[in-house]
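Each chain, written out:
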Amino acid sequence: MINVLNIEYEKFKLNNNLDVVLYQDKSLPIVAVNIWYKVGSANEQKGKTGLAHLFEHMMFQGSEHVPKEMHFRYIQEAGGTLNGSTSIDRTNFYESVPSTNLEMVLWLESDRMGYFLPALSQEKLDNQIGVVSNERRQNYENQPYGLAWEKLFSTLYPENYPYHWPTIGWMKDIENYNLEDVKKFFNAFYSPQNASLVIGGNFEFAEAKDLVESYFGNIINKTEIPKLNVKPPKLTESNKVILKDDVQLPRLYLAWISDKAYGNDDAKLDILADILTGSKNSRLYKKLLIDKQIAQDVSAFQYSGNLNGAFIIVATPKPGVKLDVLKKEIFNQINFLLKSGITKGELRRSVNSYKSSFIYSLQNLDNLANQINNYNCFLNEPNSFIYDIGRYEKVTGKDVISVTEKYLNNNFVELNVMPNKKN
Amino acid sequence: MTIDRATKPKEKGKIKFHLPTIKRFTLSNGLKIIFVEKNNLPIIQFSFISQAGSKNDPTGKKGLAYLTSLLIDEGAGKFDALQLDDEIESLGSILKCSADQDSFSISILSLKENLKKSLNILSLIITQPRFEEPDFIREKQKLLTKILQLRDNPEYIASSAFRKILYKDSPYFSSTIGYYKDVENIKPEDVKEFYKQNITIDNSTLVVVGKIKIDELKNLVEKNFNNWETKEHKKLQLNNITPTKANYYFVHKDGAAQSQLRIGMISKSRNSKDFYARTIMNSILGGQFSSRINLNLREDKGFTYGASSSYQYNKHSGSFIVSTGVQSVHTGESISEILKELKEIRKNITHDEVNFSKSYLIKRYPALFETYSQVASNLMLLIIHDLPDNYFDTYIENLEKVNSNEILKAAKENILLDQIAILAVGDRKIVLPQLEKLSDGKIIELEI
């Protein structure tokens, strides 16, 4: 089983410092191209939030040799799929196409890396400001509890801390971007030295290398990459905030500042989350949803980024149950866990779930290429599946208890989403 | 190598792709098995599917099939609900139970090394569900709360209201999740009865995709299912669905940040002859990102994050639906633009559009067989719609041979301008005046 996780790859850097990883898998006639730019909402400034995400949209608006709308069209015409996404730390773009079209994808990706600015226009910007405003309305403002996350994180982190604002940005910022902002952002972050390119699937090594060199080799780095300099965040006191929303049931959110992605405690906190809410037998699920039936749902997770992480618990009460009742029960269970420890069965269940999910994740080439890129960017080693599983296998019951003590005894933010009115 | 950025690089050669070979066999008790061997990873997926869903819910008990799917994995054989879940989780297997309009399914995804245990658990769930009263009460309560929560979700409100408009008095009128008052009335015996009447050997198929040889598989499934006996399933009589009446409908959602739109009509079933022509036509109209409707509303006007159209098929009929969420102040204009596109496509389709859409649909085909669950879902499609085993093998050929005239004909015959229902879900103050202008004031208002 471990064999399929030990992936073989070739890695090299171009002269302009573009990082390239090639991973061959010929089981289907498909090739996936996945590129990470190491820029996310954390790299934005106050007043210009959401720019990294807007940029993800702008990158589909064409470049010097690719007319507007044609990026999508060419990939679709070839039978491919494509998209991009923006997180707090990175922006990724990915295409998966029949293997006969690798060159076209590299042409498209390199054109927007090297020749984006000549094709930029006010009209395109205005159009995408409209689209992104509607994305914000659709996926945040018009969704039940849709504004909870930005409220939670903007309370957890101080105003100037890079994780304070949502990746999509504040609406007033979205509406006010100008062309100069977009140009500056592009020059600062969208350069070969700030990117990592993974090609996965059905291709020949020599040809792929040649193509990458030909299409990306001449792209120059315009400026130094602005570095993020921040002190680790600290919550000096526990905070409770209330957000009114057009919902039937209230919802409780609890958040603690925790360890960063791939930090020493990161996997331990993942296991803790799984032991609390990962299955029907997990501590909080069983207590709140089965024994007492006071909650409709409960979930816990470790949400970790480059700078730090947050450990989060979310629960929705059954109609008529007060949030304080849920909160009290959650803390009772955490305290009980600290006293009673973790059973071997609990630990085995969690670790096995993580292990098999690694194997299942290999089914989809897009996912696989993205995970390889994640390892390359975070760990500087694309072949890290076995290392990553090892992080979970190594966790002991004592580790779980000690991270619970270390993080969950600290100050925290409590958010209550409350229904606007009684129905 | 030298490159020329000014021209799009050409495709290099043609891809070779072999569709999976479908094998069928039947167990001694009559249970049908469909199997595809897939070896690239040490994984196996079993999907058990019965041809019964919310269309089989009795009147006044809408939500019964869905509740049954919530309860089916709450204890089986010697395991109670928590023991059963512990068994599955400890194997690292993933169990999924679901119900839709036409089908009821239970799937387990397992590592090859845990194949025997996973299959054994699946067979226990199918053949010896416990349906115990405390579990019933808990899951029913969960479903009631879920129905309550869905009142918050504008997409759900729009889709379920539109379903009711299109399917009126057919059993398909209700969304699978059901209604609060109906679910309140469901009793433990109803779930047991639903299961007995519908989840029967003659009404079910076990789909298997994975790393296993057929002989080993035959032995294993025979061993796990040979004790299972059932009666024949209860047949369902369905009336024909009547055509859609052209009307404007409105649902008020206080303070909504956007308007959800659904525009469409009842259409032909999956098996009707012009399926391929309709598929290409829809792809041009709204079936993918570079379609007319999305490029108009999103990339030209910036009114929306996305707009699309699709054919939604059930076993007995189908519907054509345009869906989008648009900025409230542009609701009327968005409806007009969509109606304009529906009229336009009946008049003119270019060769470029046809070539693009055919290329898109044909060349992406291999990617639809990438994951184990994708292959299993494709096989389940064959079962629901009674498609022939050579369906996948002939799919590309069938798309290729459709010509432009047939596509235009499909537009004329399927986009029926006098049968278009239009629904908007949004804030009354902003949206209603816009609808009134379009409809000469004749708007039917619905409750959530």
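Residues numbered from 1 in each chain as written. Chains lettered and ligands numbered in written order. Predicted model: local features only at pLDDT ≥ 70, side-chain atom pairs only at ≥ 80, totals over all residues. Heavy atoms only, no water.

A.B. asks: How should the interface of chain B and chain A be read in this particular structure?
C.D. replies: By a widespread convention, an interface's size corresponds to the accessible area lost as its parts come together. Listed by partner, the interface residues are 78 residues for chain B and 77 residues for chain A. Carbon and sulfur atoms supply 54% of the area buried between chain B and chain A, which totals about 7000 Å² over both sides. By the criterion of area lost to chain A, the three top residues of chain B are Arg5, Leu82 and Tyr305 of chain B, representing 12% of everything that side buries. For the pair chain B and chain A, the number of links is seven salt bridges. Between Lys280 of chain A and Asp73 of chain B there is a salt bridge, with its nearest N and O atoms 3.3 Å apart. Of all the elements, helix α4 (residues 133-150) of chain B adds the most residues to the side of chain B that touches chain A, at seven residues. Its residues assigned to classes, the side of chain B that touches chain A shows 28 nonpolar, 21 polar and 29 charged. (Contact = heavy atoms within 4.5 Å. Buried area = accessible area lost by both parts, 1.4 Å probe. Salt bridge = Lys/Arg side-chain N within 4 Å of Asp/Glu carboxyl O. Helix = DSSP H or I, 4+ residues; strand = E, 2+ residues; numbered from the N terminus. Nonpolar A, V, L, I, M, F, W, Y, C, P; charged D, E, K, R; others polar.)

A.B. asks: I'm lost on the environment of Ile338 of chain B in this one. Help?
C.D. replies: Residue and element names in this part refer to chain B. As for its placement among the helices and strands, Ile338 is situated in helix α11 (residues 331-345). Separated by 199 residues in the primary sequence, Ile338 and Glu139 have C-alpha atoms spaced 41 Å apart. Sequence-distant contacts of Ile338, that is, excluding residues within four places in its chain, are made with Leu261, Ile263, Leu297, Val322 and Thr324.

A.B. asks: Even after reading the chapter, I still don't get the pairing of strand β4 (residues 81-86) of chain A, so can you show me in this structure?
C.D. replies: Side-chain direction in a regular strand flips from residue to residue, so the side chains alternate between the two faces of the sheet. Residue and element names in this part refer to chain A. Where burial is concerned, the two faces of β4 differ: the one with Leu82, Gly84 and Thr86 is buried and the one with Thr81, Asn83 and Ser85 is not. With six bridges joining them, β4 and strand β5 (residues 91-98) adopt antiparallel strand pairing. The residue of β5 that forms the bridge with Thr86 is Thr91. The hairpin turn running from β4 into β5, its antiparallel successor, is four residues long. (Buried < 20%, exposed > 50% of the residue type's maximum accessible area, 1.4 Å probe, protein only. Pairing = 2+ DSSP bridges.)

A.B. asks: What should I look at first to understand the side chain of Thr100 of chain A in this one?
C.D. replies: In this fold, Thr100 of chain A is placed in the loop between β5 and α3 (102-114). The exposure class of Thr100 of chain A is buried, given its relative accessible area of 9%. Leaving out residues up to four positions away in the same chain, Thr100 of chain A has contacts with Lys10, Glu11, Lys12, Gly13, Lys14 and Ile15 of chain B.

A.B. asks: What's the story with the packing of aromatic side chains in this structure? I'm lost.
C.D. replies: By convention here, two paired aromatic rings are described through the distance between centres and the angle between planes. Here the structure, examined in full by the defined rule, presents 51 aromatic pairs over all chains. Grouped by ring-pair contacts, the aromatic residues Tyr37, Phe55, Phe60, Phe72, Phe93, Phe116, Phe185, Phe186, Phe189 and Tyr190 of chain A together with Phe289 of chain B constitute a single cluster. Cation over ring: Arg90 of chain A sits above Trp36 of chain A, and NZ or CZ is 4.9 Å from the ring centre. (Phe/Tyr/Trp six-rings, centres within 6.5 Å; stacked < 30°, edge-to-face > 60°. Lys NZ or Arg CZ within 6 Å of the ring centre and 35° of its normal.)

A.B. asks: Honestly, the domain arrangement of chain B in this entry has me stumped. Any pointers?
C.D. replies: Residues and elements named next belong to chain B. Segmentation of chain B into domains returns domain 1 (23-225) and domain 2 (247-446). Counting residues at the interface gives 34 residues for domain 1 and 33 residues for domain 2. Taking both sides of the interface into account, the surface hidden between domain 1 and domain 2 amounts to around 2800 Å²; carbon and sulfur atoms contribute 72%. In this assembly, domain 1 and domain 2 are joined by one salt bridge. (Domains from an automatic or database assignment.)

A.B. asks: Looking at this structure, how should I read the domain arrangement of chain A?
C.D. replies: Residues and elements named next belong to chain A. For chain A, the assigned domains read domain 1 (2-216) and domain 2 (239-419). If you average the C-alpha positions of domain 1 and of domain 2, the two centres end up 28 Å apart. A combined buried area of about 3800 Å² lies between domain 1 and domain 2, and 70% of that area is made up of carbon and sulfur atoms. Contact with domain 2 buries surface across domain 1, with Leu5, Trp36 and Tyr145 losing the most and accounting together for 21% of the total. Taken together, the links from domain 1 to domain 2 amount to zero salt bridges. Connecting domain 1 to domain 2 are 19 residue pairs in polar contact (both at pLDDT 80 or more). Listed by contribution, the elements that provide at least two residues to the side of domain 1 that touches domain 2 are β2 (19-24), β3 (30-37), β5, α5 (148-156) and β6 (195-201). Tallying contributions element by element places α5 first for the side of domain 1 that touches domain 2, with seven residues. (Polar contact = N/O pair within 3.5 Å; in protein donor to acceptor, adjacent residues only side chain to side chain.)

A.B. asks: Hey, could you run me through the sheet that holds strand β1 (residues 23-26) of chain B in this one?
C.D. replies: Adjacent strands of a sheet form backbone hydrogen bonds with each other and so pair up, either parallel or antiparallel. Residues and elements named next belong to chain B. Reading across the sheet, the six strands line up as β1-β2-β6-β3-β5-β4 and stay open at both edges, with mixed pairing between neighbours. Unpaired on one side and paired on the other, β1 and β4 (94-99) mark the two borders of the sheet. Going from strand to strand, the sheet's axes swing by 15 degrees on average, the running direction of each strand aside. Two elements, strand β3 (residues 43-50) and strand β5 (residues 104-111), share eight bridges in a ladder whose sense is antiparallel. Each residue of the ladder has a partner; that of Ser50, found in β5, is Phe104. Strand contacts of helix α3 (residues 115-127): β3, β4, β5 and β6 (204-210), with the helix running at about 165 degrees to β5, the strand carrying the most contacts. (Axes fitted to C-alpha atoms, helices over the stretch in contact; angles between N-to-C directions.)

A.B. asks: Help me understand the nonpolar core, please; the structure alone is not making it clear to me.
C.D. replies: In summary, soluble globular proteins display a tendency toward joint burial of nonpolar side chains. Among the nonpolar cores identified, the biggest contains 129 residues, and Phe311 and Ile313 of chain A together with Leu342 and Leu379 of chain B are the most heavily contacted of them. Take this core: its biggest share by element is eight residues, from helix α13 (residues 372-384) of chain B. Among all residues touching Leu379 of chain B, those that are not within four sequence positions of it are Ile22, Ile34, Val36, Val207, Val209 and Phe392 of chain B. Core analysis: the second largest hydrophobic core is formed by 60 residues, Phe72, Met113, Leu120 and Leu125 of chain A among them. (Core = buried A, V, L, I, M, F, W, Y, C linked by side-chain atoms within 4.5 Å.)

A.B. asks: Got a minute to help me understand the packing of helix α9 (residues 275-287) of chain B against helix α14 (residues 391-400) of chain B in this structure?
C.D. replies: All names here are of chain B. As a packed pair, α9 and α14 sit with axes 10 Å apart at the nearest point and diverge in direction by 65 degrees. Crossing of α9 over α14 shows right-handed handedness. Packed against α9, whose contacting residues are Phe275, Tyr276 and Ile280, the element α14 presents Tyr391, Tyr395, Asn398 and Leu399 at the interface. Residues belonging to the contact of α9 with α14 are distributed by class as follows: six nonpolar, one polar and no charged. (Left-handed = near helix turned anticlockwise from the far one by under 90°.)

A.B. asks: For this particular structure, what's the right way to read the sheet that holds strand β8 (residues 251-258) of chain A?
C.D. replies: All names here are of chain A. Reading across from one edge, β7-β11-β8-β10-β9 is the order of the five strands in this open sheet, with mixed pairing throughout. Two strands bound the open sheet, and with one partner strand each, they are β7 (239-245) and β9 (295-304). This sheet shows a mean twist of 15 degrees between the axes of neighbouring strands, independent of strand direction. Here β9 runs beside strand β10 (residues 309-317); their pairing, made up of nine bridges, is antiparallel. Bridge pairing in β10 places Asp297 opposite Thr316.

A.B. asks: Is there a simple way to think about the pairing of β2 of chain A in this case?
C.D. replies: All names here are of chain A. Counting buried positions over the six residues of β2 gives five, a clear majority of the element. With four bridges connecting them, strand β1 (residues 10-13) and β2 associate as antiparallel partners. Residue Phe12 lies in a different strand from β2, and its bridge partner there is Val20. Here β1 folds back onto β2 in antiparallel fashion, the turn holding five residues, of which Asn17 has a positive phi close to 75 degrees. Both β2 and β6 contribute to a ladder of six bridges, which runs parallel. In the sheet register, Val21 faces β6, and the bridge partner there is Val198.

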